[in-house]
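Read off the chains here:
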Amino acid sequence: MYQGKNETPDIKKLEELTVSIRRGILSALHAAGSGHPGGSLSMVEFLTALYFAELRHDPKNPDWEKRDRVFLSKGHAGPGLYSVLAEAGYFPKEELVTLRKLHSILQGHPHREKTPGIEISSGSLGQGLGAANGAALGLRLDGSDSRVFCILGDGELQEGSIWEAIMTSAHRKLDNLVAWVDYNNLQIDGTVEDVKGIAPLADKFKAFNWNVIEVDGHSIEAQLKALKKARETKGKPTVLIAKTVKGKGVCFMENKAEWHGVAPNTEQYEAAIKGLCIVNGPSKQQAENAEA
Amino acid sequence: MSALKTREARDGYGEGLVKLAKAHKDVIAMDCDLGRSTRSFRITEVDKNRFFDMGIAEQDMLSTAAGMAKMGKTVFVNSFGVFVTGRAFDQIRQQVSLPKANVKVCGSSSGLTQGADGATHQSVVDVALMRNLPNMTVVVPADAKQAEEAVIALYDVKGPAYLRLSKHPTPDYIPETPAFKIGKAQVLRTGSDICLCGCGPVMYNVLAAADVLEKAGIKTGVVNFHTIKPLDVETVKSLAGKYKRIVSIEEHSILGGLGSALAEVIAGLEKGATLLRLGVPDTFGESGSGEELLAKYGLDTDGIVKSVKNLK
Ligand SMILES: Cc1ncc(C[n+]2csc(CCOP(=O)(O)OP(=O)(O)O)c2C)c(N)n1
Ligand SMILES: [Mg+2]
């Protein structure tokens, strides 16, 4: 069981976990032969900080009433969440390689009824924040101190329904809600700014009466600091706008739209596994580039 | 069979779109961040300015398309079938179907053979949704060549349409004759005992099943109902008079699709064939390969044969 709100976790240990979590993502996708590496890899540092330090939850009792709720709105990044859930002990890691196969508990997109630890079914973009608002309102009505975290894609923010929900969260002063935006500036057809720009994103959220924190999405420490600030902010919902790199941690996938929705073949998989390391700070590739 | 070159219906769609765009300046394509997958992006080979990536915003895409159609454009809007019909249903209803706007709603990666993405991505009720809207033409091509013919033919239907496309690969197996014509079912085989009526790439399995049944001495007719709406009612009536049993086969829920459309006609006849509907029973899909999922719901060759033999 995790009580959460851990302000002095062993950062080094958390960073080491990210390597194992990325390995899990890659082995799942490789075994499946299809799926979405880019957006799964970009949220690993956040999910690690969340599940292993901030969140109150119990992997042995996924329906624990007092748990905090995590809503993955960008459902295609399911493998990222699956790997974290396996790491935390919701189900055996061996399940990861059944991803996307017939009868698997790990569906191509999250399925509430099939996977322990999954709160909402998602995959059709634009719906998670509304559901998170509903859950936050329900918890408030019940006098619960549980909180709700919602993970959004930056491309996903093009859905109008997200902006309807953004207004609801602020209007209802949902300070038990934290949204996390994976601001990797990539979607399928290209960069978010080219396809249909969302900048200036922080200003937009501010204008919609949110507490806005901009954060380095690949620094565990920065995530933890931001999560603490979110926890302490009253009367407003908080959004963490996380600057991330799509495909983070696998040098040949980083910042490439082509790696949005293709699984690595065996050769690529082996290369990716070999190159895994702690990415907190500049990635291995970035360091190599700097040396060259 | 594996030696035959296979293509996906969406590839034929892309070919057709390019040809149309070359021939007609009013042809526009819009997409919601799936331009390569749906093949709509290919219109840029003809004219970059006639492609609009609307971002992940299906409702906005449909409203924008309706506005463009008012300005005399023929707008092909694209996404996965599940999103373009589901998320934007009310925009299609009020801004496309009601005012008869010249918008062609193209639903890609439809049906079970969407595959491993799972329940949220498998569109198995899209035909039901679109068929129930007045003024809509609904076409489900059976192979890539037919998809190309369909997109070109739909240009001449001045008004709203739904084109259901698939990424399930098959050879181009539908014969040249009888030629594709919107609203006219294609009788591919004539029999006397049982008639298999289907649509979409699953027709490939239907034809293979008919071969097996013939060998077992069951005289099997096969009809391709590529147009679900307007339904070829005359052909349905004549089939219902000629055969004792009709079997509908579709990669769609048995509620509201081709099977239901046939049932609506057959139920009104004084006497005629009984109908068995094969498809997805009232349930969501799940992850798996397209072939596995077709087999699970009895839509592979074996499954169709078994269902027919059970009738006897
Ligand atoms: C309603 C809807 N439209 C389209 C899609 C297809 N789709 C899946 S992922 C994706 C791009 C998502 O980009 P982004 O939100 O930026 O996610 P990330 O970069 O974190 O992977 C699209 C268009 C979908 N899943 N849902
Ligand atoms: Mg993105």
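Computed from a prediction, not measured in an experiment: that's the story for all the values here.

Draft legend 1. View of the overall build of chain A. From N to C terminus, chain A includes eleven helices and five strands. Dimensions along the principal axes, computed over C-alpha positions, put chain A at roughly 50 × 40 × 35 Å. Considering chain A as a whole, with its 292 residues, one finds that 55% of them fall into the buried category. Nonlocal contacts in chain A, meaning residues at least 24 apart in sequence, comprise 77% of its contacts between residues at least 6 apart.

Draft legend 2. Representation of the overall build of chain B in the model. The helix and strand tally for chain B stands at twelve helices and twelve strands. Rg of the C-alpha trace for chain B: 19 Å, near the compact-globule value of 20 Å for 312 residues, within the 12% margin. C-alpha extents for chain B along the principal axes are approximately 55 × 45 × 35 Å. Contacts in chain B between residues far apart in sequence, at least 24 positions, make up 78% of those at least 6 positions apart.

Draft legend 3. Quick look at the environment of Thr64 of chain B. Residues and elements named next belong to chain B. Tracing the backbone through its elements, the reader meets Thr64 in helix α3 (residues 58-70). C-alpha separation for the pair Thr64 and Glu15, spaced 49 residues apart in sequence, amounts to 24 Å. In contact with Thr64, other than residues within four places in its own chain, are Met30 and Met54.

Draft legend 4. Representation of the interface of chain B and chain A. Across the boundary between the two partners, chain B contributes 22 residues, which contact 26 residues of chain A. Classifying every residue of the side of chain B that touches chain A gives seven nonpolar, eight polar and seven charged.

Draft legend 5. Region of the structure containing the site of ligand 1. The immediate surroundings of ligand 1 are formed by 28 residues, with Gly39, Gly153, Gly155 and Glu156 of chain A together with Asp33 of chain B found nearest. Looking at the shell around ligand 1 residue by residue, the class counts come to eight nonpolar, twelve polar and eight charged.

Draft legend 6. Inspection of the pairing of strand β3 (residues 74-80) of chain B at higher detail. Residues and elements named next belong to chain B. A large share of β3 lies buried, amounting to seven of its seven residues. Relative to β3, strand β1 (residues 27-31) runs parallel, the two being bridged by five bridges. Paired with Asp31 across the two strands is Asn78, which belongs to β3. Of the strand pairs in this sheet, β3 and strand β4 (residues 103-108) are connected by six bridges, and their pairing is parallel.

Draft legend 7. Just the sheet that holds strand β8 (residues 194-198) of chain B, in detail. All names here are of chain B. Reading across from one edge, β7-β9-β8-β11-β12 is the order of the five strands in this open sheet, with mixed pairing throughout. Only two strands of the sheet have a single partner each, and these edge strands are β7 (186-189) and β12 (274-280). Between one strand and the next, the sheet's axes are offset by a mean angle of 25°, whatever the strand orientation. Here three bridges tie β7 to strand β9 (residues 220-224), and the two strands are oriented antiparallel to one another.

Draft legend 8. Region of interest: the domain arrangement of chain B. All names here are of chain B. The domain architecture assigned to chain B consists of domain 1 (9-164) and domain 2 (186-311). Each of domain 1 and domain 2 has a C-alpha centre, and these two points are 26 Å apart. Of all the secondary-structure elements, those providing two or more residues to the side of domain 1 that touches domain 2 are α6 (126-131) and β5 (137-139).

Draft legend 9. Structural detail: the nonpolar core. Ala65, Val77, Leu196 and Val206 of chain B are the most contacted members of the largest nonpolar core, which has 106 residues in total. Residues from two domains meet in this core; each of domain 1 (9-164) and domain 2 (186-311) of chain B gives at least three. Contact partners of Leu196 of chain B, with chain neighbours within four places excluded, come to Val206, Ala209, Ala210, Thr220, Gly221, Val222, Val247 and Ile249 of chain B. Among the nonpolar cores identified, the runner-up in size contains 73 residues, and Tyr90, Ile213, Ile220 and Val239 of chain A belong to it.

Draft legend 10. Molecular detail of the confidence of the model for chain B. Of the residues in chain B, 99% have a pLDDT of 70 or more, and the chain-wide mean is 97. Scoring the predicted complex yields pTM 0.96 and, for the interface, ipTM 0.95.

Draft legend 11. Geometry of the pairing of β12 of chain B. Residue and element names in this part refer to chain B. Pairing analysis gives six bridges linking strand β11 (residues 245-253) to β12, with the strands arranged parallel. What sits directly across from Ile246, in β12, is Leu275. In this view, the connection linking β11 to its parallel neighbour β12 by way of helix α10 (residues 258-266) has right-handed handedness.

Draft legend 12. Geometry of unusual backbone geometry. Across the junction of Ala199 of chain A and Pro200 of chain A, the peptide omega takes the value -5°, indicating a cis bond. Within the fold, Pro200 of chain A resides in the loop between α7 (192-196) and α8 (201-207). Of the consecutive residues Thr177 of chain B and Pro178 of chain B, the connecting peptide bond is found in the cis state with omega at 0°. The topology assignment puts Pro178 of chain B in the loop between β6 (161-164) and β7.

Draft legend 13. The arrangement of the environment of Gly268 of chain B in detail. All names here are of chain B. Tracing the chain through its elements places Gly268 in the loop between α10 and β12. Classification of Gly268 as exposed rests on a count of 11 C-beta atoms within 10 Å. Expressed as a C-alpha distance, the spacing of Gly268 and Lys237, which sit 31 residues apart in the sequence, is 9.8 Å.

Draft legend 14. Structural context of the sheet that holds strand β5 (residues 238-243) of chain A. Residue and element names in this part refer to chain A. With parallel pairing, the five strands of this open sheet are ordered in space as β1-β2-β3-β5-β4. The open sheet is flanked by β1 (69-72) and β4 (211-216), the only strands paired with a single partner. The sheet shows a mean angle of 20° between the axes of neighbouring strands, taken without regard to direction. Most of the contacts of helix α5 (residues 128-141) go to strand β2 (residues 148-153), to which it runs at about 170°, and overall it touches β1, β2 and β3 (177-183).

Draft legend 15. View of the packing of α3 of chain B against helix α5 (residues 89-97) of chain B. Residues and elements named next belong to chain B. Closest axis-to-axis distance for the α3/α5 pair is 9 Å, and the angle between their directions is 0°. Accordingly, the angle class assigned to the pair α3 and α5 is roughly parallel. Taken together, the residues of α5 that come into contact with α3 (itself represented by Gln59, Leu62, Ser63 and Ala66) are Gln91, Ile92, Gln95 and Val96. Its residues assigned to classes, the contact of α3 with α5 shows four nonpolar, four polar and no charged.

Draft legend 16. Quick peek at α3 of chain B. If you check α3 of chain B, its first and last C-alpha atoms are 19 Å apart, about what 13 residues at 1.5 Å a residue would give, namely 18 Å. Glu58, Gln59, Met61, Leu62, Thr64, Ala65, Ala66, Met68 and Ala69 of chain B are the residues of α3 of chain B that are buried. Tucked inside the fold, the buried residues of α3 of chain B contact α6 (160-171) of chain A together with β1, β3, α4 (81-86), α5 and β4 of chain B. Positive backbone phi, approximately 90°, marks Gly72 of chain B, located one or two places after α3 of chain B.

Draft legend 17. Helix α1 (residues 9-23) of chain B, seen in detail. All names here are of chain B. Taking 1.5 Å per residue as the helical rise, α1 with its 15 residues ought to reach 21 Å, and the 21 Å between its terminal C-alpha atoms agrees with that figure. For α1, the complete set of buried residues consists of Ala9, Arg10, Gly12, Tyr13, Gly14, Gly16, Leu17, Leu20 and Ala21. For α1, the elements touching its buried residues are β1, α2 (35-38), β3, β4 and α7 (144-155).

The rules we used
Residues numbered from 1 in each chain as written. Chains lettered and ligands numbered in written order. Predicted model: local features only at pLDDT ≥ 70, side-chain atom pairs only at ≥ 80, totals over all residues. Helix = DSSP H or I, 4+ residues; strand = E, 2+ residues; numbered from the N terminus. Buried ≥ 20, exposed ≤ 12 C-beta atoms within 10 Å, placed from the backbone. Contact = placed C-beta atoms within 7 Å. Rg over C-alpha atoms; globule rule 2.2 N^0.38 Å. Nonpolar A, V, L, I, M, F, W, Y, C, P; charged D, E, K, R; others polar. Near = placed C-beta within 6 Å. Pairing = 2+ DSSP bridges. Axes fitted to C-alpha atoms, helices over the stretch in contact; angles between N-to-C directions. Domains from an automatic or database assignment. Core = buried A, V, L, I, M, F, W, Y, C linked by C-beta atoms within 7 Å. pLDDT = per-residue confidence, 0-100. Right-handed = clockwise from strand over helix to strand, strands pointing away. Parallel < 35°, antiparallel > 145°, perpendicular 65-115°, else oblique. Expected span 1.5 Å × (residues − 1).

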